[in-house]
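Residue-level listing of the chains:
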Amino acid sequence: MKIKTLLIANRGEIACRIARTARALGITPIAVHSEADRTARHVREIGRSILIGKGPASESYLNIAAVLDAAQRSGADAIHPGYGFLSENPEFARAVEAAGMIFVGPTAETLERFGDKASAKEAAIAANIPVIPGSEGARSDPNVIRAEVLRMGLPVLLKAVGGGGGRGQRLVRAKATLVADIEGALREARSTFGSEGLILERFLTDARHVEIQIIGDGDGKVLHLFERDCTLQRRHQKVIEEAPAFGLPRPLVDRMAADAVRLGESLNYRGLGTVEFLVPGEEYFFLEVNPRLQVEHPVTEAITGLDLIALHLKIAEGGGLALAQQDITCTGHAIEARLYAEDPGESFAPSTGDITHLSLPDDIRLDSGVEEGDSISSFYDPMIAKLIVHAPDRATALIELARALRRTAVAGVETNRAFLSALVSNTDFAGMAVHTRWIDAHLEELTRTTADPRSRLFEALAAVLYVMQRRRDDDGNPWRNRDVFTGWRLGLGDDLTEACQRVSLARLGETACDLRVTPIHRGGHFIVYDAEDTPLSLSAEKIGPQSWRVTHAGESLIVRAKVRNTLVEIGTNDACHLFEAAPPLAFASGDVGAERILTSPLTGLMIKVLVSEGDDVQIGDTVAILESMKLEISIKAATTGRARNISVTEGAMVDRGQAIVEIAEKEEAEA
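Note that the coordinates shown come from a computational prediction; the quantities given were computed from them, not determined experimentally.

## Things to note about the environment of P133
Piece 1. Tracing the sequence through the fold places P133 in the loop between helix 6 (117-126) and helix 7 (142-152).
Piece 2. Sequence separation between P133 and S600 is 467 residues, and the spatial gap between their C-alpha atoms is 40 Å.

Right, here's the structure in full:
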C-alpha cells in the first residue's frame, strides 16, 4: 500500500527529520502538537499540525486516542512514531493497524517481546546470544530485591523491565544506599514505565556500549547496517555516538552483528531496530533491543550513505528490502554530539526558558527541533540539536567536531556545549580508553572551566562593539570625536580612564567583568581597561555588513560580529564567542542570605520532601526531590540550619524559582 499521507506522532528534531524524507518521497507529512508546542519548530516546518492535548506528555504525545483521532481527521494512511513516546507501545501499534492504517515500525508482538527487558533477555538466550548474569525474570517486592542483591554481591544494576534508551537504571554500589536505591528504581519504573518490575544484573565494569543497527522486511530477511559506539554516557544517557566502533577487533564486532541479525530473523523483524551489547575486554553480552528508530541514526546514515527513514517507509508500504548485505558498505567515520539545554554546574539539571540567541555551524549536518526565539519546556527532552560530522577517519572527525562545538553559541538557557568540547578534546577518548562510567569518574575534570588564552582580547572587542553599536547614530557625541575629548572631559588634566564608558560584560555562563572603554581615537583605536586598570589597545575597522578587521599587538584578525540589544556575538573561522553586556553591577551576586531560601531550579513535579518543620539540616543534605524533563533532581541545602516554612507538598507541581523551604539559623528558629 502506497503511503500518501503520514502522521508523525512525535515532536522536535525527529518530527522535522521524518517530514523531510517523507516530502522527498512524495508523501505529505502531518504533525501533532500539544498546547505547549503550539508554536514549536516542527509545527512551523511541517505546516499542518493537529492539537492533541495539554503540555504534559501523558495528556498529549502519549495519548493513544488523541493521536489516532488526529490521524483519522487528517486522512493519514500511516503513522510514524519516531523514537520515545509511543514508539515502543504494542497497544498503540495494534490500535493503528486496527484503524486501517500502517504502523511504521515492528509488529505489536515484537514490541511486546523486546519492550520487556526480561522477555528480551529470554529471546536472546533462545537465540544463543551471551547475556549478562543476573536474576531470572522480573522482581517487584523490595524485600525480595534486597535479598537477591545481597546474594549476588555488589555492584548490581537495577533495571526497569519497561525501560529503554538508558532510562530506568540504577547502579547499587553500597549497602548503605540499597533501600533508597530500590525505592527510587521502583518509583521511577512505576511513574515512567507503568510497571514496578525490575531485573537485576551483575554490573560490568570498564565495559564499552556497542550497538548493531538492523533492518528487516518482516518476512525473515534481516540485514545489519554496521555498528555504533555509544560508550560515552551520563546517567545511562548517551552523550556522544560514533560509527563504526573504534579500536575493537573486527572479528568480535562481526560476531555481534551476526548475533543481532540472528535475533532479528528469529522474530521476522520488521523495520529498524538496534541490538545493544556491553563489551568488557574481548567478550560481549546482550543488553537490550530498541525496536525503533534511534536518536543516533544519523551516524549510520553518514557511513553507509543510506536514508534510514526512506528504508523504513518503503518496508512499511510492503516494498520489502531490496538491499543485500554485500551492498552495504562503511565509508569513513562519523560522530554525533547531543547539544542539550542543561547546566553542568548544577549536576546537569535541565535548563528551561527562551532561546534568545542561537548560532550553529553551517557546514556540518545539524538535526534540530528548535530555532532562535523558541522555548525549552519542562515537559519534554531539552535537546537543542545534534551535531553530526563525517570525515575520512576518526582523528579528523574529532577535530571537525571540536571546531563545530567551538563555533556554537546559545543564550537564554544553559547548555552542555563546553562539556561536549572537553569530551571530544580528551586524550582518553581520542584513544578510546573509556567505558560507560568513564564520564562519571572524570566529571570534575570535564566540567572545569578552561582559560582561553585570547579571552581578554575578545572581551575587550565585545565591549568596544557594544559601545560602538550604542552610539553609531550619534556623530556629535564625544565618543566619535577625532580629537578624543576636546574639552568634554570632566576635570581637565585627570587620567583618561575617568571619562571612559563602563561596560559590565559576561561571557555566557561565566562571571561578569567590569570594563572601561575610551572614546574612539583616529583609525578606530580604543583602549579598554579591566578592573585592575590594565590597558588593552586595539583598533576595529568595519569592512563588511558584519565583518570587522581587528588589530591588536601587531596582529590582524578578521571577525564576524553581531550586536543585538545586549548580546554581542563574535565569530572567527575557528570559534564563536558570545557575551552579554549590562549596566555595571547588573551581574552582581544576590543577597548573602539568599542561600537560606531553597528554590526550585526548574518547573516540575515534587515527588519527595525529605524534611519536616524544625528538622536539623546540614550542608549537602537532600531536602526534596524534583522530577522534571524525565529526570529526578535532588535539591540540596547550601548551608546548615533548621528547616522551616516548608511551602511544598509531595505530588504538587512547582514553578522554577518557587520557594521550597527556608534553612533558618538555629538561634533564629528557636526564637
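Picking up where we left off.
## Brief notes about unusual backbone geometry
Piece 1. The peptide bond linking L154 to P155 adopts the cis configuration, its omega dihedral lying at 0°.
Piece 2. By secondary structure assignment, the location of P155 is in the loop between helix 7 and strand 6 (156-160).
Piece 3. The phi angle at F85 is positive, at roughly 45°, despite the residue not being glycine.
Piece 4. Summarising the element assignment, F85 is placed in the loop between strand 4 (78-80) and helix 4 (90-98).
Piece 5. Even without being glycine, N268 reaches a positive phi, approximately 50°.
Piece 6. Among the secondary structure elements, N268 is positioned in the loop between helix 9 (250-266) and strand 14 (270-279).

## Observations concerning the packing of aromatic side chains
Piece 1. Counted by the stated rule, this structure contains seven aromatic pairs.
Piece 2. Between the aromatic rings of Y61 and Y380, the centroid separation amounts to 5.5 Å while the plane-to-plane angle is 80°, which identifies the pairing as edge-to-face. In this pair, Y61 is assigned in the loop between strand 3 (49-53) and helix 3 (64-74) and Y380 in the loop between strand 22 (375-376) and strand 23 (383-391), connecting sequence segments 319 residues apart. By the burial criterion, Y61 is buried, and Y380 matches it.
Piece 3. Pairing F114 with Y269 gives two aromatic rings, centres 6.5 Å apart and planes at 40°, and the pair type is tilted. One end of the pair, F114, is in helix 5 (residues 108-115); the other, Y269, is in the loop between helix 9 and strand 14, and 155 residues separate them in sequence. One exposure class covers both F114 and Y269, and it is buried.

## Comments concerning the pairing of strand 26 (residues 513-517)
Piece 1. Here strand 25 (residues 501-507) pairs with strand 26 via five bridges, running antiparallel. Residue pairing in the sheet places S504 in a bridge with D514 of strand 26.
Piece 2. Pairing analysis gives two bridges linking strand 26 to strand 27 (residues 525-529), with the strands arranged antiparallel. Across the sheet, residue R516 finds its bridge partner in strand 27, namely Y529.

## Notes on the pairing of strand 13 (residues 240-243)
Successive residues of a regular strand alternate their side chains across the two faces of the sheet.
Piece 1. Burial along strand 13 is two-sided: I240 and E242 facing one way and E241 and A243 facing the other are all buried.
Piece 2. With four bridges connecting them, strand 13 and strand 16 (residues 333-340) associate as antiparallel partners. Pairing of I240 across the sheet is with A337, part of strand 16.

## Considerations on the sheet that holds strand 1 (residues 5-8)
Piece 1. If you trace the five strands from one edge of the open sheet to the other, you get 3-2-1-4-5, paired in parallel fashion. Of all the strands in the sheet, just strand 3 and strand 5 (102-103) have a single pairing partner and so form its edges.
Piece 2. In this sheet, strand 3 lies alongside strand 2 (residues 28-34) in parallel orientation, the contact comprising four bridges. Pairing of V32 across the sheet is with I50, part of strand 3.

Cut-off values and rules
Residues numbered from 1 in each chain as written. Predicted model: local features only at pLDDT ≥ 70, side-chain atom pairs only at ≥ 80, totals over all residues. Heavy atoms only, no water. Helix = DSSP H or I, 4+ residues; strand = E, 2+ residues; numbered from the N terminus. Phe/Tyr/Trp six-rings, centres within 6.5 Å; stacked < 30°, edge-to-face > 60°. Buried < 20%, exposed > 50% of the residue type's maximum accessible area, 1.4 Å probe, protein only. Pairing = 2+ DSSP bridges.

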